[in-house]
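This is what each chain is made of:
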2 protein chains.
Amino acid sequence: MLRLSTKGQYGVRAMFEIARSCNHGPVTIREISERQDVSVAYLEQILNQLRKSGIIKSVRGPGGGYVLSRDPGKVSIGEILRELEGPVAITSCLDPKEGCMRVEGCVTHLLWKSLGENIEAFLNSMTLKDLLEGNEFISLKQRPGQVPGNIMAKVPDKTKARLAS
Amino acid sequence: MLRLSTKGQYGVRAMFEIARSCNHGPVTIREISERQDVSVAYLEQILNQLRKSGIIKSVRGPGGGYVLSRDPGKVSIGEILRELEGPVAITSCLDPKEGCMRVEGCVTHLLWKSLGENIEAFLNSMTLKDLLEGNEFISLKQRPGQVPGNIMAKVPDKTKARLAS
DNA sequence: ATAATAGTCTAGTGATTCTGTCAAGTATTA
DNA sequence: TAATACTTGACAGAATCACTAGACTATTAT
């Protein structure tokens, strides 16, 4: 239940690659494709959409590629997903594009609304910087009762090493 | 993004109707259909699935219908949805039926996992009783720490006020 | 200039999932 | 035994997903 489309997933992973190289010039689609194992053609679509929203910039010609428009800490996961898939809308009732026919009769309306708002808050609080640092859960520790420990706690050492390089 | 299927939505609304009548004998599918505006045939499928899980019981013959097997306060929304749609699995990576091919390379793995856990905690903390009393959000506020990270932490005050009214 | 590199844009398509319907049952009770 | 009501499995149209294809535009190194 509640699956995120591959488009959104790939988008976040692509943004991670771009953020990762934010001090090393533009990243090409080909590089992202190889590192994240997503087809070039599909990435073209996804990155194009993100570019139009201003979240990334493209540089054409040899040596070109994509770069972040902002600091990784200023780009939330929520923003990326919202751009690619629209706002969280657990029900069509709550989709701004559709609207609700029978709000009053819909007992569960506020339930889904609250769930959606909470999901958005979660996604908005998480940034590319958190992903880069691998500590999104540390940032969540500020909220009492949160999942303890570092997000990288369960990641194998060789992976950490590769990510750090 | 992240829409819940109508099956899950209808399931919760049907359970609401059954819970609502829990002191007035069985509710027929026809009644649920009329009150919640869902076809009888589709409800048959949904309620059958819920019956098999033991969450409701059916009574056959004239005067029959469906009744809750348990107290409304003991039936969580999460349980209903899980029965109808399986566990929350933001990515196929996290679906117990599929499994992850490349856990190590999946930078975002723990991000989605954490989101999923938060959603499940939210849904598990909410029961039919909360829906019946129409104070699902107030009751949530009374249980600090039960939901990891106080899921209401970032919800705007004006929203809380509206929900509480 | 021009070749090579790299992004831009629009369609289209096969597969899958969703959202149900239909029909032929079985069980229970008044 | 008629009426009520649940049970089960098959199936089908519609929508969405997850891409692929192909033609185009822009930039830079030589």
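Please refer to the structure placed before this passage.
Procedures and definitions
Every chain's residues receive numbers from 1 upward, in the order its sequence appears when written. The order in which chains are written sets their letters, starting at A; the order in which ligands are written sets their numbers, starting at 1. Per-residue local features of the predicted model are confined to residues with pLDDT of at least 70, and side-chain atom pairs are confined, for both listing and counting, to 80 or more; whole-chain, interface and lining totals are unaffected and use all residues. Hydrogens and water molecules were not included; the side-chain quantities draw on all heavy atoms of the structure. Criterion for a salt bridge: a side-chain nitrogen of Lys or Arg within 4 Å of a carboxyl oxygen of Asp or Glu. Counting from the N terminus, the helices are the DSSP runs of H or I reaching at least four residues and the strands are the DSSP runs of E reaching at least two. Buried means the residue's accessible area, taken with a 1.4 Å probe over protein chains only, is under 20% of the maximum for its type, while exposed means over 50%, and partly exposed covers the values in between. Throughout, the arc means that of the directions going from the helix axis to the C-beta atoms. Here, two residues are considered to be in contact whenever any of their heavy atoms come within 4.5 Å of each other. With axes taken as lines fitted to C-alpha atoms, and helix axes fitted only over the stretch in contact, angles between N-to-C directions fall between 0 and 180 degrees. Each crossing gets its hand from how the near helix is turned against the far one by less than a right angle, where anticlockwise is left-handed and clockwise is right-handed. Residue polarity follows a fixed list, in which Ala, Val, Leu, Ile, Met, Phe, Trp, Tyr, Cys and Pro are nonpolar, Asp, Glu, Lys and Arg are charged, and the others, Gly among them, are polar.

Turning to the pattern of salt bridges, a few remarks are in order. Under the defined criterion, the tally for this structure stands at 11 salt bridges over all chains. Among the ionic pairs, Glu17 of chain A bridges to Arg20 of chain A, the shortest N-O distance being 2.6 Å. Placement of both Glu17 of chain A and Arg20 of chain A in helix 1 (residues 6-20) is noted, with a separation of 3 residues, approximately one turn of the helix. Given a relative accessible area of 1%, Glu17 of chain A falls into the buried group. Overall, Arg20 of chain A belongs to the partly exposed group, its relative accessible area being 25%. Between Lys129 of chain B and Glu133 of chain B there is a salt bridge; the shortest N-O distance is 4.0 Å. In this pair, Lys129 of chain B and Glu133 of chain B are both assigned in helix 6 (residues 128-133), 4 residues apart and thus about one turn of the helix distant. On the basis of relative accessibility, which here comes to 39%, the residue Lys129 of chain B falls in the partly exposed class.

What follows deals with unusual backbone geometry. Phi angles above zero are rare outside glycine, and Leu2 of chain A is one such case at about 60°. Assignment of secondary structure puts Leu2 of chain A in the segment before helix 1.

Spacing of three or four residues puts side chains on the same side of an α-helix, whose turn is 3.6 residues. Residues and elements named next belong to chain A. Looking at helix 2 (residues 29-36), one finds that the buried residues are Ile29, Ile32, Ser33 and Gln36. All buried residues of helix 2 lie within an arc of 100° about the axis, which places them on one face of the element. The outward face of helix 2, more than 90 degrees from its buried face, is lined by the exposed residues Arg30 and Glu34. On the buried face of helix 2, the contacting elements are helix 1, helix 3 (40-52) and strand 2 (65-68). Backbone geometry just downstream of helix 2 places Asp37 in the positive-phi region, at approximately 60°.

All names here are of chain A. It is at 10 Å that the axes of helix 1 and helix 2 come closest, and there the two elements cross at 115°. Seen from above, helix 1 lies across helix 2 with right-handed handedness. Taking contact as the criterion, the partners of Arg13, Ala14, Phe16, Glu17, Ile18 and Arg20 in helix 1 are, on helix 2, Ile32, Arg35 and Gln36. Split into classes, the residues belonging to the contact of helix 1 with helix 2 amount to 4 nonpolar, 1 polar and 4 charged.

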